[in-house]
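Remarks on the overall topology
What follows is each chain in one-letter form.
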Amino acid sequence: MKKLAHFQQKRAYAVFCPVGQVSFSEMAELMSRAVLRCRREKIDKLLIDSRGLPGFHPPLMFEQYNLAERIASDAKSQVKIAHVASPEWVRSGKFSVMVAKNRGLDAKNFNSEPEALEWLLTPAGK
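This write-up is about the structure you can find in this document. (Residues numbered from 1 in each chain as written. Predicted model: local features only at pLDDT ≥ 70, side-chain atom pairs only at ≥ 80, totals over all residues. Heavy atoms only, no water.)

1. With respect to the sheet that holds strand β5 (residues 107-110)
Stated formally: Only strands that DSSP links by at least two bridges are regarded as paired with each other. Helix numbering and strand numbering both begin at the N terminus, where a helix is a DSSP run of H or I of at least 4 residues and a strand a DSSP run of E of at least 2. Angles run from 0 to 180 degrees between N-to-C directions of axes, and those axes are lines fitted to C-alpha atoms, restricted for helices to the stretch in contact.
Here five strands make up an open sheet; going across it, the order is β1-β2-β3-β4-β5 and the pairing mixed. Each end of this open sheet is capped by a strand with a single partner; those strands are β1 (7-9) and β5. Going from strand to strand, the sheet's axes swing by 15° on average, the running direction of each strand aside. Where strand β3 (residues 45-49) lies against strand β4 (residues 80-84), five bridges are found, and the strand directions are parallel. Note that in β4 the partner of L47 across the bridge is A82.

Shown next as structure tokens:
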């Protein structure tokens, strides 16, 4: 498998900040690969910042559903995900977060990295 560019392991989490022009399905594939890598390497927290991926619309309802199901399946409840995204994505992404949570994934969308990191690094139950 090709190396996953823009993926960094930090002390307590991993960061994935892809950049470039991609389609929605290509972006979904990149996110999936980052989640699978975390699971394989036993990294239980992942910050994804997709703001460097311009060029596609906020996902439609069926796209949100499919992406949330795929990422939840990839994570197998072993990876907590904070997603920093455009304001349009965050506004439209409430449905996908609900779908992901219903499938056992602890995930949330954010407008800023500091806010996402605070949530990501807060222990469960606090």
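2. A word on the nonpolar core
Note the threshold: Nonpolar cores were defined as sets of buried Ala, Val, Leu, Ile, Met, Phe, Trp, Tyr and Cys residues, with membership established by side-chain atoms within 4.5 Å. Throughout, exposure labels follow a simple rule: accessible area from a 1.4 Å probe, protein chains only, divided by the maximum for the residue type, with under 20% read as buried, over 50% as exposed, and the rest as partly exposed.
Residues F7, M27, L46, L67, I81 and L105 are the most contacted members of the largest nonpolar core, which totals 30 residues. Counting only elements with at least two residues in this core, the list comes to β2 (14-16), α1 (24-40), β3, α2 (61-75), α3 (87-92) and α4 (94-102). Grouped together as the second largest cluster of nonpolar side chains are 10 residues, Y13, A82, V84 and L120 included.

3. As for the packing of α2 against α4
Where we set the bar: Should the near helix be turned counterclockwise from the far one by less than a right angle, the crossing is left-handed, whereas a clockwise turn marks it as right-handed. Here, residues are in contact when the closest pair of their heavy atoms is within 4.5 Å. Three classes are used, and their members are as follows: Ala, Val, Leu, Ile, Met, Phe, Trp, Tyr, Cys and Pro are nonpolar, Asp, Glu, Lys and Arg are charged, and the others, Gly among them, are polar.
Packing of α2 against α4 brings their axes to within 8 Å, and their N-to-C directions diverge by 35°. By crossing handedness, the relation of α2 to α4 is classed as right-handed. Where α2 abuts α4, its residues M61, Q64, Y65, A68, E69 and A72 lie against F95, S96, V99 and A100. A per-class count over the contact of α2 with α4 returns seven nonpolar, two polar and one charged.

4. Overview of the pattern of salt bridges
As a reminder of what qualifies: A carboxyl oxygen of Asp or Glu within 4 Å of a side-chain nitrogen of Lys or Arg is what we treat as a salt bridge.
With the rule as written, the count across this model stands at six salt bridges. Here E41 ties to R37 by a salt bridge, and the two come within 3.0 Å at their closest N and O atoms. Notably, a salt bridge pairs K101 with D106, separated by 3.6 Å at the nearest N-O pair. The class for K101 is partly exposed, based on a relative accessible area of 43%.

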